[in-house]
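Next come the chains, spelled out residue by residue.
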Amino acid sequence: MKLFNITDIFDNVITMSPDTLEALHDELRKTYKKLRKDLDVDNLRVLKNRMTTIIEGNSRKLGHKELHKLHKLQTLLTEIGETIVEIEEIQKNAIELVDLEEKFDKKYKALKKLPKSKKNTHVLIAMKKAEISYEEEMLTLQLELVKLQRYIQESGKKVLIIFEGRDAAGKGGNIKRFTENLNPRNAKVVALMKPSDVEKWQWYFQRYIAHLPNAGEMVFFDRSWYNRAGVEPVMGFVGKKDYEKFMNDVPELEKMLVRSWTKIIKFYFSVSKEVQAARFHERRTNPLKQYKLSPIDQFSQKLWDRYTMAEYENFSRTHTDHAPWTIINSDDKEASRINAIKYLLNQFDYPDKISRDKLELDDRIVYTGREKVRKLEKEVDKTKSLFE
């Protein structure tokens, strides 16, 4: 039989026949021993996976006698699999992880003057202690998010995280902090444009269903089906009949998702009228933020009371035990990001999780949808309707 190497495996030139099974086993063992000696786990994995595929593709062609020889090959592949696990454990224990917190401390270490060696390449700058403290805590929490993602991926959990809120409430900034260090293959951000002409005539939830998480995935909805509970009735984009249908349907849809083992976390970022106005002004005047301006932003302040009424109706009717709303006070952007991430981390028990005291929530920032309803009851006129 022709000798083979890893390149042959990649190029799919290995074939089996009843006459070559014994020789194939011998050559496979020789290659295996060399790769094991070199601790070459990557090529061992390629060798095992490729040979498994070849065997599966050829086993049906073999007779009873050859199948006995095939068992010998399969035993060797099992041995290769065990070796892969052993090498991975050795390499895992041999890796010395970078201490990111130590690097952070060095980066932000206070200096009264620059060393001579750095005068031509560095400058002294002032930085608020609060900002350094925020960045340090964010680093710790983002490390936890990486651990959480690994746990979700390995456990096959499905996690849907919805980000809602008024315009300029900080949804995008929060999503960025959640996802910037996650593996994008298993952490997707979904931000759908307005419905197309085709989508307008579909079942309302249809375009969102395609983006729901698969096993092992986290999906972040930057706005969601709750457009129909907020901006659409306020701006007159939906009639009362379709609005009522949505409000009745959405708790049932979310119940079905939960029953299908999807974890749903619904964030609503709440901003005061004054802070919203200040952020709109910044968007209009800052060239780097003008892309955030939308045609309906100009109505947000004028229609403040109608949005408040929409919030009241939404939380009164769609805050459920299986899919509750979590309100995040986002007037302070940094505090909202820190607390929102902490809330998510608190929903799971994953390996090597930091102590619970480092994940305590600020109840001035985080509260429930039911608490929000009680607050809104003092602000809304219950005798009025969104559709008057």
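Now for a quick tour of the structure. (Residues numbered from 1 in each chain as written. Predicted model: local features only at pLDDT ≥ 70, side-chain atom pairs only at ≥ 80, totals over all residues. Heavy atoms only, no water.)

1. Thoughts on the overall build of the protein chain
1) Next: Secondary structure assignment for the protein chain yields 15 helices and six strands.
2) Next: Its C-alpha atoms give the protein chain a radius of gyration of 28 Å, clearly above 21 Å, the size a compact globule of 388 residues would have.
3) Next: For the C-alpha atoms alone, the extent of the protein chain along its principal axes is close to 85 × 70 × 40 Å.
4) Next: A buried classification covers 41% of the 388 residues belonging to the protein chain.
5) Next: Counting only contacts in the protein chain whose residues sit at least 6 apart along the sequence, the fraction spanning at least 24 positions is 77%.
6) Next: When the accessible surface of the protein chain is split by element, carbon and sulfur atoms take 51% of a total near 23,400 Å².
7) Next: Of the side chains in the protein chain, 72 bear a positive and 61 a negative charge, and the two mean positions are spaced by 3 Å. (Helix = DSSP H or I, 4+ residues; strand = E, 2+ residues; numbered from the N terminus. Rg over C-alpha atoms; globule rule 2.2 N^0.38 Å. Buried < 20%, exposed > 50% of the residue type's maximum accessible area, 1.4 Å probe, protein only. Contact = heavy atoms within 4.5 Å. Areas by Shrake-Rupley, 256 points an atom, 1.4 Å probe, with all protein chains shown as cover. Lys, Arg positive; Asp, Glu negative; His and termini not counted. Charge placed at Lys NZ, Arg CZ, Asp CG, Glu CD.)

2. Digging into the pairing of strand β3 (residues 217-222)
1) Next: With five of its six residues buried, β3 lies for the most part within the structure.
2) Next: For strand β1 (residues 158-165) and β3, the ladder comprises six bridges, and the chain directions are parallel. Bridge assignment links Lys-158 to a residue of β3, and that residue is Glu-217.
3) Next: Where strand β2 (residues 187-190) meets β3, four bridges bridge the pair, whose relative direction is parallel. Pairing of Val-189 across the sheet is with Phe-220, part of β3. (Pairing = 2+ DSSP bridges.)

3. Some thoughts on the pairing of strand β4 (residues 262-270)
1) Next: Of all the nine residues making up β4, eight are buried; the element is thus mostly covered by neighbouring parts of the structure.
2) Next: Taken together, the eight bridges between β1 and β4 define a ladder with parallel strand orientation. For Gly-165, the partnering residue across the bridge sits in β4 and is Phe-269.
3) Next: Pairing geometry for β4 and strand β5 (residues 325-329), over five bridges, is parallel. Its bridge partner being in β5, Phe-269 is matched across the sheet by Ile-328.

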